[in-house]
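In case you want the letters, here they are:
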Amino acid sequence: MSGSEFVVVANRLPVDWVPDEDEGSGEGAWRVSPGGLVTALEPLMRSTDGAWVGWPGKADLEFDRFEFDGMDLVPVALSADDVELYYEGFSNDTIWPLYHDVIAEPRYRRVWWDAYGRVNRRFAQAAAEVAAEGATVWVHDYQLQLVPKLLREKRPDLTIGYFHHIPFPAYGLYSQLPWRRQVLEGLLGADVIGFQRVADAGNFARAIRRLLRYETRAPHIVVPDADGGTRTAVARAFPISIAADSYIDLAQRPHVQARAAEIRASLGNPSKILLGVDRLDYTKGIRHRMKAFGELLHEGRITVEDATLVQVASPSRERVGAYMQLRDEIELTVGRINGDFDTMGHTAIRYLHQGYPRDEMVALFLAADVMLVTALRDGMNLVAKEYVASRIDNRGVLVLSEFAGAADELTSALRVNPHDIDTLKETIMQAIEMPPGEQSRRMRPLRRKVIDNDVAKWSRSFLDALAAARSQKSPRGRRARA
Ligand code: F6P
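Reference entry: report on the structure contained in this document.

Definitions and cut-offs
Residues numbered from 1 in each chain as written. Predicted model: local features only at pLDDT ≥ 70, side-chain atom pairs only at ≥ 80, totals over all residues. Heavy atoms only, no water. Salt bridge = Lys/Arg side-chain N within 4 Å of Asp/Glu carboxyl O. Helix = DSSP H or I, 4+ residues; strand = E, 2+ residues; numbered from the N terminus. Buried < 20%, exposed > 50% of the residue type's maximum accessible area, 1.4 Å probe, protein only. Pairing = 2+ DSSP bridges. Axes fitted to C-alpha atoms, helices over the stretch in contact; angles between N-to-C directions. Contact = heavy atoms within 4.5 Å. Phe/Tyr/Trp six-rings, centres within 6.5 Å; stacked < 30°, edge-to-face > 60°. Lys NZ or Arg CZ within 6 Å of the ring centre and 35° of its normal. Near = heavy atom within 4 Å. Polar contact = N/O pair within 3.5 Å; in protein donor to acceptor, adjacent residues only side chain to side chain. Nonpolar A, V, L, I, M, F, W, Y, C, P; charged D, E, K, R; others polar. Patch = residues over 30% accessible without salt bridge, like charges linked within 9 Å, V, L, I, M, F, W, Y side chains within 5 Å. Areas by Shrake-Rupley, 256 points an atom, 1.4 Å probe, with all protein chains shown as cover. Lys, Arg positive; Asp, Glu negative; His and termini not counted. Charge placed at Lys NZ, Arg CZ, Asp CG, Glu CD.

Describing the pattern of salt bridges
Here the structure, examined in full by the defined rule, presents 32 salt bridges. As a salt-bridge pair, D93 and R107 come within 3.1 Å of each other at their nearest N and O atoms. Placement of D93 in helix α2 (residues 80-99) and of R107 in the loop between α2 and α3 (110-130) is noted, with a sequence separation of 14 residues between them. In this structure D93 comes out as buried when scored by relative accessible area, which is 8%. A salt bridge links D422 to K425; its shortest N-O distance comes to 4.0 Å. Taken together, the residues D422 and K425, both in helix α14 (residues 421-433) and 3 residues apart, mark about one turn of the helix.

Description of the sheet that holds strand β18 (residues 414-416)
Reading across the sheet, the 6 strands line up as β15-β14-β13-β16-β17-β18 and stay open at both edges, with parallel pairing between neighbours. A strand with exactly one partner marks an edge of an open sheet, and here the two such strands are β15 (349-352) and β18. Adjacent strand axes in the sheet meet at a mean angle of 20°, parallel and antiparallel pairs treated alike. Sheet analysis places strand β13 (residues 272-279) next to strand β14 (residues 307-314), joined by 8 bridges and oriented parallel. What sits directly across from I273, in β14, is T308. Set on the sheet, α14 makes contact with β13, β14, β16 (370-373), β17 (397-401) and β18; between it and β18 the angle comes to about 165°.

Digging into the packing of aromatic side chains
The full count for this structure, using the stated rule, is 26 aromatic pairs. An angle of 75° between the planes, with centres 6.0 Å apart, marks the rings of F365 and Y387 as edge-to-face. Here Y387 lies in helix α13 (residues 382-390) and F365 lies in helix α12 (residues 358-367), a separation of 22 residues in the sequence. One aromatic cluster in this structure is built from Y86, F90, W113, Y116, F123 and W179. A cation over a ring is seen here: R317 above W96, with NZ or CZ 4.1 Å from the ring centre.

Topic: the pairing of strand β4 (residues 51-55)
Taken residue by residue, a regular strand's side chains alternate between the two faces of the sheet. Counting buried residues along β4, 5 of its 5 residues qualify, which places the element largely inside the surrounding structure. Here β4 shows a buried face lined by A51, V53 and W55 and a second buried face lined by W52 and G54.

Focus: the sheet that holds β4
Ordered in space as β5-β6-β4-β1-β7-β8-β9-β12-β11-β10, the 10 strands form an open sheet in which the pairing is mixed. Looking along the sheet, the strands with just one partner apiece sit at the ends: β5 (66-68) and β10 (216-217). One ladder, built from 5 bridges, connects strand β1 (residues 4-12) with strand β7 (residues 131-140); its direction is parallel. The residue of β7 that forms the bridge with S4 is A131. This element, helix α4 (residues 147-154), spans β7, β8 (159-163) and β12 (230-237) of the sheet and lies at about 175° to β8.

A word on the site of the ligand
Close contacts around the ligand come from R12, Y87, N92, W96, D141, Y142, Q143, I166, R279 and R317, and that covers them all. Note that an oxygen atom of the ligand is positioned 2.5 Å from one of the side-chain N or O atoms of Y87. R317 is positioned with one of its side-chain polar atoms (N or O) 2.9 Å from an oxygen atom of the ligand. In terms of residue count, α2 provides more of the shell around the ligand than any other element does, 3 residues in total. Per-class residue counts for the shell around the ligand are 4 nonpolar, 2 polar and 4 charged.

Some thoughts on a positive patch on the surface
Among the surface-exposed residues, R206, R209, R210 and R213 lie close enough to one another that they form a single positively charged patch. Inspection of the secondary structure assignment puts R213 in the loop between α7 (198-212) and β10. In this structure R213 comes out as exposed when scored by relative accessible area, which is 67%.

Printed below as a string of structure tokens:
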């Protein structure tokens, strides 16, 4: 196969390998993972004959490069050790908690760092092998922060972009990282480094100044080159979004609307349905929202006939200690609140530790009067945007944490500090009691924002910035101008 002009590199492939019932048989099938990134990049992958380099999502499975639904996929195998040390360890027990403002304590283990370097080299090698001369390579997220530099060393002819899907922390926290310089140098291998929020790009530039002493003038960073000269990298915000059309389309379908009514009825038609939809992650503030909801029930300000909280918490990173502990705490809380307040016909919290297909999620969004996004720290929070896009009736209330990236754009939501439980309770009451006129006055501008700034626009603007970086390069991969 000839080299690809456009290469995506992400920890996961856009498809998951689902083994047959009889796991030992080695048989199974590929299933498209529902992530937004696939939706955003699929058209581009097809029009450019692009390749996608990533992990198939299961340990110890070796696959050759293959085509799936018109996409050229390049699997990178991870052993059980790699999964434990690189994915669960360094990515999700060091970087994830550190970059989310140490909500959980990050663990710094040298053996995890070694595995992170080893696996990042493997991804860089795979990308270097499939990219055509002068191709564009787009690297994604915190699991692969060393790939831009490693790739540039192997292939200076490439134009390299990196997008960081999670927050980039303030210097006071970032500086804890024992490998803080190496990670910055890894990222600076990219020509364009994208962040969710302006504040993330600012934190990154400050870390660069403090630790590497490179000159920065937003959005530019002057980086020393391999040949003793300099080049200029761009680091700025490109807030990610969703495929708004597909949510609108689903929300208009009669079977989805019928399902929304069925969901309400199956909960005993409470006056109001409150909804939380998250990966089961300590960054999402699930405990905070349950605490506030539980106190409102205790105080008699609401009853289970007035309001039911539906909490979808999809399983995530289940072998990492902090996630196991969180699950225990949440399930204890749900059990206590339901035990105290449920009646035969109504429940306080309907807790679902499961993932659902998109049409079921849209039905839930349509059924929910109030959407609770109470993240303690979140890169963007696409669920907030999915809820808004689905509300084709311009009804419903979004309660949105100021610590989610989406708060920068979704300014007419009810904004909360989820640590402030009293104010969170007042805000939940305000949402429950909000008259329809105010709901739609707030919902309309939210929807405009999400529809006008969809994920296609996001990828276009990032790739335009990369194309601009590319046009300044001489054919051999050096900057014409420093
Ligand atoms: O939020 C960052 C992110 O990498 C998302 O892009 C992704 O959907 C999520 O975390 C899931 O992570 P994992 O691959 O660990 O299941």
